[in-house]
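Reading the structure
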Amino acid sequence: MNKIEHIGIAVADAKKSIAIFNGLFNSQPYKQELVESEQVETYFYQIGPNKIELLQGLTEDSAIAKFITKKGEGIHHIAFAVDDIVAELARLKAEGFQLIHETPKKGADNKLIAFVHPKDTNGVLIELCQEIG
Ligand code: ZN
């Protein structure tokens, strides 16, 4: 893994949260993107070299809405940039990690993504992402 690509924060009401984070960061999201497959609306902030992703579930059975019901709003995942997501998933599987996605899928921000199950990582949901060249 190369670096932390972004940190994802689950929010119940993006409009309210954007007002909060705009004030916190003294900046605005540079990108808003709907990820249809996940039923989630995402908002990205660029803070120096780092990115923060706000995620709002669009349906009650979306993963984000379920997460908020179970755990409340807050940090949802840490995403790591990788050069070869297929190879990295194979490596993690061989190491015994349970993968939520065995094969990468199209995520927000022009990335191929896959998640590693938090039960194998001390409760931290890990996202792998590879820039689509
Ligand atoms: Zn993410």
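Criteria and thresholds
Residues numbered from 1 in each chain as written. Predicted model: local features only at pLDDT ≥ 70, side-chain atom pairs only at ≥ 80, totals over all residues. Heavy atoms only, no water. Core = buried A, V, L, I, M, F, W, Y, C linked by side-chain atoms within 4.5 Å. Buried < 20%, exposed > 50% of the residue type's maximum accessible area, 1.4 Å probe, protein only. Helix = DSSP H or I, 4+ residues; strand = E, 2+ residues; numbered from the N terminus. Contact = heavy atoms within 4.5 Å. Pairing = 2+ DSSP bridges. Axes fitted to C-alpha atoms, helices over the stretch in contact; angles between N-to-C directions. Donors = N, O, S within 2.8 Å, 3.2 Å for Na, K, Ca; no water. Tetrahedral: all angles 85-135°; square planar, octahedral: opposite > 155°, others 65-115°. Polar contact = N/O pair within 3.5 Å; in protein donor to acceptor, adjacent residues only side chain to side chain.

Now for the nonpolar core. Among the nonpolar cores identified, the biggest contains 10 residues, and these are Phe80, Val82, Ile85, Leu89, Leu92, Leu99, Ala114, Val116, Ile126 and Leu128. Here this core gets 3 residues from one element, more than from any other, and that element is helix 3 (residues 85–94). Contact partners of valine 116, with chain neighbours within four places excluded, come to Leu92, Phe97, Gln98, Leu99, Ile100, Thr121, Leu125 and Ile126.

Turning our attention to the environment of leucine 99. With respect to the secondary-structure elements, leucine 99 resides in the loop between helix 3 and strand 6 (105–106). Each C-alpha atom of the pair leucine 99 and isoleucine 126 lies 9.7 Å from the other, and the pair is 27 residues apart in sequence. Not counting the four nearest positions on each side in its chain, leucine 99 is found in contact with Leu89, Leu92, Lys93, Phe115, Val116 and His117.

It is worth spelling out the sheet that holds strand 4 (residues 50–57) at this point. As a general point, the strands of a sheet are linked pairwise by backbone hydrogen bonds and lie either parallel or antiparallel. Reading across from one edge, 2-3-4-1-5-8-7-6 is the order of the 8 strands in this open sheet, with mixed pairing throughout. The open sheet has two edge strands with one neighbour each: strand 2 (31–35) and strand 6. Here strand 5 (residues 74–81) pairs with strand 8 (residues 126–131) via 4 bridges, running parallel. Within the sheet, the bridge partner assigned to alanine 81 lies in strand 8 and is cysteine 129. Set on the sheet, helix 1 (residues 14–25) makes contact with strand 1 (3–10), strand 3 (40–47) and strand 4; between it and strand 3 the angle comes to about 5°. Contacting strand 7 (111–116) and strand 8, helix 3 crosses the sheet at an angle of about 155° to strand 8.

Here the focus is the coordination of the zinc ion. Those protein atoms acting as donors to the zinc ion are His6 (NE2), Glu53 (OE), His77 (NE2) and Glu127 (OE), and they sit at 2.0 to 2.2 Å. Classification of the site at the zinc ion rests on its 4 donor atoms, whose angles at the metal span 81 to 171°, yielding the label irregular. For the zinc ion, the single-chain donor residues occur in sequence as H-x46-E-x23-H-x49-E. Of this pair, glutamate 53 sits in strand 4 while glutamate 127 sits in strand 8; the two residues are 74 residues apart in sequence, bridging distant segments of the chain. Across this residue pair, the class does not change: glutamate 53 and glutamate 127 are buried.

Turning our eyes to something else, we now look at unusual backbone geometry. Positive phi outside glycine occurs at aspartate 109, with the angle close to 65°. Its identity as a non-glycine residue notwithstanding, asparagine 122 has a phi of 55°, on the positive side.

On to the environment of histidine 101. Structurally, histidine 101 is set in the loop between helix 3 and strand 6. Histidine 101 gets classed as buried once you look at its relative accessible area, which sits at 15%. Residue contacts for histidine 101: discarding those within four places in its chain leaves Glu38, Leu89, Ala114 and Phe115. One polar contact links the side chain of histidine 101 to the main-chain amide nitrogen of phenylalanine 115, over a distance of 3.1 Å.

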